[in-house]
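Here's the letter readout for the chains.
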Amino acid sequence: MDVIYALGAGALAAAILFWKRYPNKVDTLSKGALNTVVPIVNTCADVGYGMAVAATAGFKVVSAWLLTLPMHPIISLSIATNVMAGITGSASGGMGIILETLAPKYLALGLSPELVHRIVAMSSGCFDAMPHNGVVITILAVCGLTHVQAYRHIWWGHVVATLIALIIVIPVGILIY
């Protein structure tokens, strides 16, 4: 609730401080309310889609396969999280699926909860920015760009950069934990 109070106080302070700068106050509030609907709906749809994926029989096959990969569990956890985030097109959706369904199995393999959290958090941010991601669609729409014009920048700046960081963190995590 602290975040909600802070956001509310910030919005109220901005309205008071900049009241004279808004020539049409109702129009400004209407546009602000309308612009919040698309991101909220996209996020809800992504998380719902992710939970629907987790409920399928195919997910059970894929998750069982991921647990039996002949590699260090941290690497298979990273791959599993990347796959789920890519499928759902959502970091929160992929993270939710992994933490609810697979994290207990990885913890049972002896991985520390701290390392599991860090790897899942980083991995969910790699392939979540696929072209069907709600945030990508929203950003491009707000900027007035198409996927052809701007997606390669998102790919290099988001997906590849996060993947490079993950490639550095995984060996360090294996050594430390």
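Residues numbered from 1 in each chain as written. Predicted model: local features only at pLDDT ≥ 70, side-chain atom pairs only at ≥ 80, totals over all residues. Heavy atoms only, no water.

Some points on the overall build of the protein
Stage number 1. For the protein, the count of helices and strands is eight helices and zero strands.
Stage number 2. Overall, the protein shows an N-to-C arrangement of helices and strands of α-α-α-α-α-α-α-α.
Stage number 3. Its C-alpha atoms give the protein a radius of gyration of 20 Å, clearly above 16 Å, the size a compact globule of 177 residues would have.
Stage number 4. Expressed as lengths along the three principal axes of its C-alpha atoms, the size of the protein is roughly 65 × 40 × 30 Å.
Stage number 5. For the protein, with 177 residues in total, the buried portion stands at 31%.
Stage number 6. A sequence separation of at least 24 residues applies to 72% of the contacts in the protein between residues at least 6 apart.
Stage number 7. Entry remark: accessible area of the protein is about 10700 Å², with carbon and sulfur atoms responsible for 75%.
Stage number 8. Taking the average place of the 8 positive charges on the side chains of the protein and the average place of its 6 negative ones, the gap between the two points comes to 10 Å. (Helix = DSSP H or I, 4+ residues; strand = E, 2+ residues; numbered from the N terminus. Rg over C-alpha atoms; globule rule 2.2 N^0.38 Å. Buried < 20%, exposed > 50% of the residue type's maximum accessible area, 1.4 Å probe, protein only. Contact = heavy atoms within 4.5 Å. Areas by Shrake-Rupley, 256 points an atom, 1.4 Å probe, with all protein chains shown as cover. Lys, Arg positive; Asp, Glu negative; His and termini not counted. Charge placed at Lys NZ, Arg CZ, Asp CG, Glu CD.)

A few points about helix 6 (residues 113-124)
Stage number 1. Relative to the 16 Å expected for twelve residues at 1.5 Å per residue, helix 6 spans 16 Å between its end C-alpha atoms, a close match to the ideal helical length.
Stage number 2. For helix 6, the complete set of buried residues consists of L115, V116, I119, V120, S123 and S124. The arc that holds the buried residues of helix 6, viewed along the axis, is 145°, so those residues lie on one side.
Stage number 3. Elements in contact with the buried residues of helix 6: helix 4 (73-88), helix 5 (91-108) and helix 8 (147-176). (Expected span 1.5 Å × (residues − 1). Arc of directions from axis to C-beta.)

With respect to the pattern of salt bridges
Stage number 1. Scanning all chains against the criterion turns up one salt bridge.
Stage number 2. In this structure, K31 and D27 form a salt bridge, with 3.5 Å as the shortest nitrogen-oxygen distance. Note that K31 and D27 are positioned in helix 2 (residues 25-54) at a spacing of four residues, about one turn of the helix. (Salt bridge = Lys/Arg side-chain N within 4 Å of Asp/Glu carboxyl O.)

Quick look at the nonpolar core
Grouped burial of nonpolar side chains is what soluble globular proteins tend to show.
Stage number 1. Among the nonpolar cores identified, the biggest contains 21 residues, and I74, L77, A80, I98, Y106, V116 and I119 are the most heavily contacted of them.
Stage number 2. Counting residues per element, the ones that place at least two in this core are helix 3 (57-67), helix 4, helix 5, helix 6 and helix 8.
Stage number 3. Broken down by element, this core gets its largest block of residues, five residues, from helix 5.
Stage number 4. The residues touching I74, leaving out its near neighbours within four places in the chain, are L111, L115, I119, I170 and I174.
Stage number 5. Counting eight residues, the second-largest nonpolar core is a separate cluster that includes A129, L140, Y151 and I154. (Core = buried A, V, L, I, M, F, W, Y, C linked by side-chain atoms within 4.5 Å.)

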